[in-house]
Amino acid sequence: MSTQRRRATLRIQGTVQGVSYRESARQEALRLGLSGWVRNRGDGSVEATVEGEPGALEDFIRWCHTGPRLARVTDVARTDGQATGEFRTFTVERTS
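Keep in mind that this is a model prediction, so the values were computed, not measured.

A. Structural context of the side chain of Thr-49. Structurally, Thr-49 can be placed in strand β3 (residues 46-52). For Thr-49, a relative accessible area of 3% gives the class buried. Those residues in contact with Thr-49 that lie beyond four places of it in its chain are Arg-7, Ala-8, Thr-9, Ser-35, Gly-36, Trp-37, Phe-87 and Phe-90.

Take a look at the structure:
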């Protein structure tokens, strides 16, 4: 497994608010050993910044395309970057 941590910022669109998307994403990220945050956006989308090992990061992004049972994801926009190491865990943040 690579020791090079990566970072991705995601914008998830569709029916993703009011369906436990953020809490489910937090649980999935923690299961995969990732750190970062997830929050609702005022436009109805969900935004996440996540850091971790490349394989786990890709697993999380694949999960984001489906989300929890009641979610209906229509798009996941992704921006990649270098991990900063600023996060200790994965949290649900306030709506932006």
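B. Looking closely at the packing of aromatic side chains. What the rule picks out here adds up to three aromatic pairs. Ring plane angle 50° and centroid distance 5.4 Å describe the contact between Tyr-21 and Trp-63, whose orientation is recorded as tilted. In this pair, Tyr-21 is assigned in helix α1 (residues 21-31) and Trp-63 in helix α2 (residues 54-64), connecting sequence segments 42 residues apart. For the pair Tyr-21 and Trp-63, a shared accessibility class is recorded, and that class is buried.

C. Spatial organisation of the sheet that holds strand β5 (residues 90-92). In spatial order, the strands read β4-β1-β3-β2-β5; together these five strands make up an open sheet with mixed pairing. Strands at the two margins of the open sheet, each flanked by one partner only, are β4 (72-82) and β5. Looking at each pair of strands side by side, their axes are set apart by 15° on average, direction ignored. Pairing analysis gives three bridges linking strand β2 (residues 35-40) to β5, with the strands arranged parallel. By the bridge assignment for β5, Val-38 is matched with Val-92. Packed on one face of the sheet, α2 meets β1 (6-15), β3, β4 and β5 and runs near 5° to β1.

The rules behind the values
- Residues numbered from 1 in each chain as written.
- Predicted model: local features only at pLDDT ≥ 70, side-chain atom pairs only at ≥ 80, totals over all residues.
- Heavy atoms only, no water.
- Helix = DSSP H or I, 4+ residues; strand = E, 2+ residues; numbered from the N terminus.
- Buried < 20%, exposed > 50% of the residue type's maximum accessible area, 1.4 Å probe, protein only.
- Contact = heavy atoms within 4.5 Å.
- Phe/Tyr/Trp six-rings, centres within 6.5 Å; stacked < 30°, edge-to-face > 60°.
- Pairing = 2+ DSSP bridges.
- Axes fitted to C-alpha atoms, helices over the stretch in contact; angles between N-to-C directions.

By themselves, these are just geometric observations and shouldn't be taken as functional.
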